[in-house]
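# Architecture at a glance
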Amino acid sequence: MKKRVYVVPHMHWDREWYFTTQESQILLVNNMAEILERLESDPNYPAYILDGQMAILEDYFAVVPENRERVKKLVEAGRLVVGPWYSQMDEMLTSGESITRNLLYGYKDAKALGQAMQIGYIPDSFGQTAQMPMILNQFDIKYSMFWRGTSERHGTDKTEFYWESSDGSRVLVQLLPLGYAIGKYLPLDEKVLRERMDKYFSVLDKGATGETELLPNGHDQMPIQQNICEILEQLRKIYPDREFFLSRYENVFEEIEKNEGLATISGEFIDGKYERVHRSIYGTRMDLKAYNARIESKLTNILEPLASIAYSLGFEYHHGLIEQIWKLIMKNHAHDSMGACCSDKVHFEIKARYFEAEERCNQLIDFYKRKITEASPDKAGFDKLAIYNFLPYTQNRLVHTIVTTRWAGFDVFDASGKQIGYQIRSVSELDPGLIDRQIVHYGNYEPFFQYEIEFRHDLPAMGYEIVYIKQSAERKQKVGKKVLQAESDFYRISANANGTVKIFDKKKNQTYDNVFALDDTADDGDEYDFSPLPEERPVSSIGIGDAQAEILEFEHEFLVTTRYNFSVPEALTENRQRAEQFVEIPVQLEVHIEKKSRILSVNLTLENTAKDHRLRLLIPTGIASNVSLADNQFGTISRPVLDSAMEVWEKEGWDERPDAIYPFLSHISLSDDKHTVGLLTKSSREYEIIGKSFDTIALTVLRAIGVLGKEELYRRPGRPSGIKLAVPDSQMLGSLSLDLALSFTENADEIAQDTKIYLTNVETYNQMPFHAMKLNKSLQKTPDYYSLFENLNPDLILSTVKKAEDEEIILARFYNPTKKNLTLEGKYACYSLKEEPRKEELREPNFSDKIRPNQVLTIKL
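This one's a predicted model, so the numbers in the text were calculated from it and none came from an experiment. Throughout this description, residue numbers start from 1 for each chain and increase along the sequence as written. Where totals are concerned, whole chains, interfaces and linings use all residues; where local detail is concerned, this predicted model gives features only for residues with pLDDT of at least 70, and gives and counts side-chain atom pairs only at 80 or more. Derived side-chain values reflect all non-hydrogen atoms in the structure, with water molecules and hydrogen atoms excluded from consideration.

Only rings of Phe, Tyr and Trp enter the pairing, Trp through its six-membered ring, and a pair is recorded when the two centres are within 6.5 Å. The plane angle decides the type: under 30 degrees is stacked, over 60 is edge-to-face, the rest tilted. Scanning all chains against the criterion turns up 32 aromatic pairs. Seen in terms of ring centroids, Tyr291 and Tyr354 are 5.5 Å apart; in terms of plane orientation they differ by 20°. Their pairing is stacked. In this pair, Tyr291 sits in helix H9 (residues 286-312) while Tyr354 sits in helix H12 (residues 344-374), placing the two residues 63 residues apart along the sequence. Here's how the labels work: a residue is buried when its accessible area is under 20% of the maximum for its type, exposed when over 50%, partly exposed in between, all with a 1.4 Å probe on protein chains only. Overall, the relative accessible area of 12% leaves Tyr291 in the buried class. When its relative accessible area of 1% is taken as the criterion, Tyr354 is described as buried. An angle of 45° between the planes, with centres 5.8 Å apart, marks the rings of Tyr662 and Tyr687 as tilted. With Tyr662 in strand S32 (residues 661-663) and Tyr687 in strand S35 (residues 686-690), this residue pair connects regions lying 25 residues apart in the sequence. In terms of burial, Tyr662 and Tyr687 fall into one category: buried. Counting from the N terminus, the helices are DSSP H or I runs at least four residues long and the strands are E runs at least two residues long.

Pasting the structure below:
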């Protein structure tokens, strides 16, 4: 039989990379004019694929809104193929909720124009997450197409196979073994065309399981190839033993679906054998990576649950405002933007979007808290303090908050009149104009005071409690008492002279020393990949002997602070060696130790003064390990601490060395049969397990590099990735602050629970008689104590709570990160990630068996 070659016209669209969004938008207007003209004037031209992402059309309609109906008509007819994604995100560094919203909003925008492509089309992500088949299936997508990350060791050397998630979901894959651009700018010249296609067909023939082959006709920002029909005639002439069709991706899947005996493989795909996946890109531009982690957490752990509580109490759920925040960060989730392998001016734009997204998120959180609090019962002579707990279970939690008042002293009471004790951590004076400028407008300049207070309190599950503040006699600030060591219910912790800490786990009778040391190595790489110098030994902060240390005890917690200067080589020399001149990096480490919690919250702040280097934070665990456990989207993944391909990568000619540098989303842990040590994060998402016994977690703090793309790296031989462009801002000179935490538990399952607690802050709102922004009194009345729901199984982790996009219902999403089946008490209607009802319901006693490891479950409350 003849080989059937499907030529599919498309355009891969990087909104930004080394060029800006503004430049690409101009090109987009030009390209779209030609695409629309060809589709409208040539009925024999079957279809054109707009890169599977709706952000393209959002940019287009922003400047050419008059063409929306033309586009809509072509989409409805299946001629212009759009969606299902909002943006072409990177899979490895974006959360499960982010990927879900990318599809949810992408589908919504595509359906508004007619229909969405039913293919999980991901042509350029730097690796594929193991959970993608499950996510795609829940959007009724059964096909997937991608390029990077696979090799024979996953179970097949073919380009068509089934890819299965651990919950049993699966998709049919058409791999792009040579990428999405092998059909770019196809030449009409017979000799040139033959030379090019002979090389490609040898690869396509080897990978095909049947007679169907795919030739994508497109490239980055490539305009439509106007002479493609002539090219097809030339191909038919050169290759009479092959048939050539101008077609679309769906037709390819219809053919390969008929093939029998296709392999089924599973897992994540991050092998850099045939194409680069850039395993150390996760630490580039850590300021941007930390921004993203923080906003993703605020959206799903704070804002959406808060908005859902407000909606359940009768307030509006502001879909439009929340969608705007998601779309801002999803523009930054595009693979180059998320990887931060862009020009400096593009990174400036990315940072501006993060700033806007976080500001919108913070202000909407404050708005919802205010609306709920102001609608609660008033008491004459009292101000109010609302305390919000977004964990799905009742818990006694430490409350840190600010009370703003003119009173010299005050008492705090619950609704029943029971007094709540608290400690004042600090007091500061505040100009009244910052509270409400109308106060000073009428000549009242009496200052306000901000009291930083703390207390422990039992809080309702997924809800809030209103407590009341009344003027009393003056109360004095209680300054933290200096102590030699911190002792909580779980740990004894002391500071070392080198700036690290020593932790004694009282439950396990285990000591961990030199925790949070820094190590520094040269980085001769680019924005895509770390590149050390051969045989270099890291510079360690453990040799420091003059760190300043202070341990303060407060009523409910200890604060350990160390400060020191870390001397590292200034930069790389012109001949790629570390400079003999050293510079000092000021470092401050803060460890917050709640007396009744096993979670140690950490802030690391430094002022980077060196170039061309990588800094990592080290957590020695004493657990000799073969594997690490890290979270991925809606689950947990086990990874080897040493990639077995390290022994053969050079012999087999891999594109890049498979170092065991991995991404994670919020936690990574090492375990043995006695205990687990977990690192939790709100910032950095890159780690490696190091040490002679592979017992130390190395968290990337920053990479300082000055080039977008560079050739002939130590671990990545050959051509540059990207382009050779100076990016001085990526040297990361200046201040950087990272938030993370440690937890020492009996088993790995508890790490996911502690991570949820760590990411889900207690939120408060202080209502007093003054506010700069006036609101009319709400018609709604809210209680002084409220709980939306409670989950009695802490192993089942809450991902988010939100109102459905198109129904007047509230959805709660859980996932199972453990290795066992879990139960959820009660009867609930199940929904998909697409927010459509599923056939099954939580009503049979044995339905709990279906909440399998790494499975996501959305229920109607």
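Of all five residues in strand S33 (residues 667-671), four are buried, a share of seventy percent or more. In short, DSSP must find at least two bridges between two strands for them to pair. Note: strand S30 (residues 627-632) against S33, two bridges, orientation antiparallel. Residue Ala630 lies in a different strand from S33, and its bridge partner there is Ile668. Summarising the sheet, S33 and strand S34 (residues 676-681) pair through five bridges and their orientation is antiparallel. Paired with His667 across the two strands is Leu680, which belongs to S34. Counted between consecutive antiparallel strands, the loop separating S33 from S34 contains four residues.

On to the side chain of Glu750. Within the fold, Glu750 resides in helix H16 (residues 749-759). A polar contact of 3.1 Å, which involves the side chain of Glu750, links it to the backbone nitrogen of Glu746. Residue contacts are counted whenever heavy atoms from the two residues lie within 4.5 Å of one another. When near neighbours in sequence (up to four residues on either side) are disregarded, Glu750 contacts Arg598 and Thr745. We define a polar contact as two N or O atoms separated by no more than 3.5 Å, with the added condition that, inside protein, one atom must be a possible hydrogen donor and the other a possible acceptor, whereas residues neighbouring each other in sequence contribute only through side-chain atom pairs.

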